[in-house]
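Residue strings, one per chain:
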2 protein chains.
Amino acid sequence: VVHDGPVTVDRARAERLDAADPLAAFRDQVVIADPDLIYLDGNSLGRLPVRTAERLARAAREEWGRGLVRSWSDWVDLPRQVGDLLGIRLLQARPGEVVIADSTSVNLYKLAAAAVDARPDRRVIVTDDDNFPTDRYVLAGLAHERGLDLRPVHTDADDGVDLPALTRALDDDVALLSLSHVSYRSGAVADLAAVTRLAHRAGALTLWDLSHSAGSVPVSLTDAEVDLAVGCTYKYLCAGPGAPAYLYVRRELQEQLRQPIWGWFGQRDQFAMGPEYDPAPGIDRFCVGTPSVLAIYAVEEGVRLVADAGVDALYRKGQALTGFLVELAEAWLAPLGFRVASPRDDARRGAHLTLHHPAAWQICQAAADRGVIADYRTPDRLRLGPAPLYTRFVDGYDALDRLRELVAAGAHEGYPAEPARVT
Amino acid sequence: VVHDGPVTVDRARAERLDAADPLAAFRDQVVIADPDLIYLDGNSLGRLPVRTAERLARAAREEWGRGLVRSWSDWVDLPRQVGDLLGIRLLQARPGEVVIADSTSVNLYKLAAAAVDARPDRRVIVTDDDNFPTDRYVLAGLAHERGLDLRPVHTDADDGVDLPALTRALDDDVALLSLSHVSYRSGAVADLAAVTRLAHRAGALTLWDLSHSAGSVPVSLTDAEVDLAVGCTYKYLCAGPGAPAYLYVRRELQEQLRQPIWGWFGQRDQFAMGPEYDPAPGIDRFCVGTPSVLAIYAVEEGVRLVADAGVDALYRKGQALTGFLVELAEAWLAPLGFRVASPRDDARRGAHLTLHHPAAWQICQAAADRGVIADYRTPDRLRLGPAPLYTRFVDGYDALDRLRELVAAGAHEGYPAEPARVT
């Protein structure tokens, strides 16, 4: 039993929590190649589902190798089928509202452009300065291209979206509000319905980035009346590095919107190869090029696994895991100069927990050398992503124990203080 | 020995050609799941390389499963590494001019936009009306968005690019000329250097679609002084259905151009996640989102196989194969109402051969039921793509023999006359 600070925490408690975990069996559904490694970066790259490698091999051998071009009669529906699986089971979308396509950044560009083009009398895009870099850059590029103003509302990364500031920013010149549902830095969750309502009251459309929420936090696109959304599949959805992304367009808006990249997979009656572009009905018009079939099978496997676990159960476990980490951090790490960055209120926190420490980058490197994979975010954040699908409470316990030990011993001090710059 | 029409052709001659084929051994490097099936659609979807399935399984298991997020230190260079492999060995590009990214359509949009934005005083995009549908649509969308004119030069699909018509269209208001190197319908090859010179003389930039030439026809991007190019990897490059595409930007232009989708993989010093978008130096600025790692490994395997065979050898064999098909078609099929659509001059033909027949679609379906996979293109074209990497002369012989038999017997007449329309 460890006694540090006001709270008593022992490993047996973590073991009891694991024994009572209704999702415990899902750990066997992902590959654990190195049982000694504690992986707390599932919010950056999710683990490999056991079934994915087999599925890829089978699809390659049977559908591509044997079926050859004839398999396109099945493949052509795949982006919508897997989109529906993801949309209906994880995002509370309706059939035909989600499709797998392109990357998150390209989808963001397409939908943001479609939105501002549908509001030609409005000249402003609102986002917040804590939004994920690619979101900010894509919106800035679009604003530059269309001669619009990008209005970044200031958000304290640890607190999350600032509703009063957002309310002030949403005037009747705003065409689009684009935000992340869960902050990539602090894990703060925005109120999807309340913020969407604010935007609608101002006559603006909303475009949400769900990358850090899908598969770990309930997302109610229909109830919240969200207009547009995008997200990646390689974090909690375990679809693999750089796997294809998804996009959502509310059914009632599909026929009114037109995205700017007029590819043949967005064309009505595509294989007639007619002279003029005529956007397909429904969600297909937001597609562009030939879908990446094998990569979409990996998305399907990941999404199915997460859907089988169930978002509500994953959410509850994520809250419990990060709550447990908060307790440990208060007891063990606060005396060593750490400070919890994420919201302490469970209801306002996604499935990752962020800690401030002036030497966060050095600690991140030292932890990796001691078998704890965490993540660093500028300028002083150590991000712990105990993905609820496969992370145990004992993993959290052992990880923070190793962190405590290494920082107490000053083992991080020999590491570079600044990340190497990729040029 | 068969005597039909003026030419005498027998199967023994096909066998002798195969015995003398220096590329014969490459057939063992791709999966032939059904030895009775004659696959003449490698120009639509290339066969599965034997090594690809194994490579995907290994990368999934070791790099994703075991290495987890740490593998990004290797993955981050992959798009450029495989781009160089493709560019240097197959397209005569220089290092740092080709990168694997997105789909062909998205790449076409990015580069076409970058080109017209770099020529703000010019208001016209020239293409031809025989260009592949997605190219025409993407250019039309861009012209619509930027308020430019799209000027489609009329091209007779069977003859290929009409140089005098193109010369007339290229006035000093043209910002960009975008064409396909090899016509998807007839296989006619455009003169890359001559057409690029015409465009440059008019002060326009050139953007070539290499989808139907890379890996089957020599492409000399450097010698021809091509400005921009894109292409897909799932045809002759055997990277699998919907595999990631590539883009090429001539080194001297890279710093002058800026593409419109400002994603984080196009950002200088990406992981600093700074407040403002600042395009990376070199080819990276034409990237957008997170690259699809496993899918790029499949590109690497396909490209390496093609590069090992060698483009010059593939080109010679492609000419010999399609020339042999022309002979057979003249002898056997012309009397049955077929007419060769592709240029008869070997030097003006890519690696596929197209035949006109009023019942082309019915014949295509009947042929598939008899173990010959060909392709149909509007309105009356039967397209035969004997990819030189793995197609034998006996395959060509047997395919045309089966076609002759089935048409002579009227076996195609019971099939639907019009392709089903996908809605």
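Here, every reference points to the structure presented above.
The model shown is predicted, which means the values in this text are computed figures rather than measured ones.

Colleague: Hey, could you run me through the nonpolar core in this one?
Modeller: If you look at soluble globular proteins, the nonpolar side chains tend to sit buried side by side. Judged by nonpolar contacts, the single largest core of 232 residues is most densely connected at Leu91(A), Leu221(A), Leu389(A), Leu91(B), Leu221(B) and Leu389(B). Ignoring anything within four residues of it in the chain, the contact list for Leu389(A) reads Leu23(A), Phe26(A), Arg27(A), Val30(A), Cys238(A), Leu305(A), Val306(A), Ala309(A) and Leu314(A). One finds Leu325(B), Leu328(B), Val372(B) and Val407(B) within the second-largest nonpolar core, a separate group that totals 37 residues.

Colleague: Explanation requested: the environment of Ala309(A) in the structure shown.
Modeller: Residues and elements named next belong to chain A. Tracing the backbone through its elements, the reader meets Ala309 in helix H9 (residues 293–309). In this structure the C-alpha to C-alpha distance between Ala309 and Val138, which are 171 residues apart in sequence, comes to 33 Å. With residues up to four places along the chain from it excluded, the contact list for Ala309 reads Leu23, Phe26, Leu314 and Leu389.

Colleague: I keep staring at the relation of the copies chain A and chain B and nothing clicks. Help me out?
Modeller: There are two copies of the chain, and a rotation about an axis plus a shift along that axis relates them. Under the fitted operation, chain A is carried onto chain B by 0.0 Å of movement along the axis and a turn of 180°, and the coordinates agree to an RMSD of 0.0 Å. Seen this way, the second copy is the image of the first under a two-fold rotation axis. Residue by residue, 100% of the interface of chain A is reproduced at the interface of chain B, so both copies engage with the same surface.

Colleague: Before we go on, may I ask you to explain the sheet that holds strand S12 (residues 353–356) of chain B in this structure?
Modeller: To summarise the sheet geometry, strands pair through backbone hydrogen bonds and adopt either a parallel or an antiparallel arrangement. Residue and element names in this part refer to chain B. On the basis of which strands lie adjacent, the open sheet formed by four strands has the order S11-S12-S15-S14 and antiparallel pairing. Two strands bound the open sheet, and with one partner strand each, they are strand S11 (339–340) and strand S14 (375–377). Looking at chain direction, S11 and S12 are connected through two bridges and run antiparallel. Across the sheet, residue Arg339 finds its bridge partner in S12, namely His356.

Colleague: Before we go on, may I ask you to explain the packing of aromatic side chains in this structure?
Modeller: Aromatic rings considered in pairs are described by the distance between their centres and by the relative angle of their planes. Counted by the stated rule, this structure contains 23 aromatic pairs over all chains. For Arg258(A), the ring lying beneath its charged end belongs to Trp262(A), and the centroid distance is 4.5 Å.

Colleague: Please clarify how unusual backbone geometry should be interpreted in this entry.
Modeller: Note on backbone geometry: most residues besides glycine have negative phi, and most peptide bonds are trans. The omega torsion across Thr378(A) and Pro379(A) is -15°, close enough to zero to call that bond cis. Here Pro379(A) is to be found in the loop between strand S14 (375–377) and strand S15 (381–384). Look at Asp102(B): it is not a glycine, yet its phi comes out positive at around 50°. Residue placement: Asp102(B) occurs in the loop between strand S4 (98–100) and helix H5 (104–117). Residue classification places Asp102(B) among the partly exposed residues on the basis of a relative accessible area of 21%. One non-glycine residue, Met273(B), adopts positive backbone phi at about 55°. Within the secondary structure, Met273(B) is located in the loop between strand S10 (246–249) and helix H9 (293–309).

So, how was this worked out
- Each chain carries its own residue numbering, running from 1 in the written order of its sequence.
- Here chains are named by letter from A upward and ligands by number from 1 upward, in the order in which they appear as written.
- Local features in this predicted model are restricted to residues whose pLDDT is 70 or higher, and side-chain atom pairs enter the listing and the counts only when it is 80 or higher, whereas totals over whole chains, interfaces and linings include all residues.
- The side-chain numbers reported here are obtained from all heavy atoms of the structure, hydrogens and water having been left aside.
- By nonpolar core is meant a set of buried Ala, Val, Leu, Ile, Met, Phe, Trp, Tyr and Cys residues that side-chain atoms within 4.5 Å join together.
- Exposure is judged per residue with a 1.4 Å probe applied to protein chains only, and the accessible area is read against the type maximum: over 50% gives exposed, under 20% gives buried, and values in between give partly exposed.
- Residues are treated as being in contact if the distance between any of their heavy atoms lies within 4.5 Å.
- Under the DSSP-based scheme used, a helix requires at least four consecutive residues in state H or I and a strand at least two consecutive residues in state E, with every element numbered from the N terminus.
- A residue counts toward the fit only if its pLDDT is at least 70 in both copies, and the copies are then superposed by least squares on the C-alpha atoms of those residues.
- Here, any two strands with at least 2 DSSP bridges between them count as paired.
- Here is the rule: rings of Phe, Tyr and Trp (six-membered ring for Trp) pair when centre to centre is within 6.5 Å. Planes less than 30 degrees apart are stacked, more than 60 are edge-to-face, and the remainder are tilted.
- Placement of a charge over a ring requires the Lys NZ or Arg CZ to be within 6 Å of the ring centre, with the centre-to-atom vector within 35 degrees of the ring normal.

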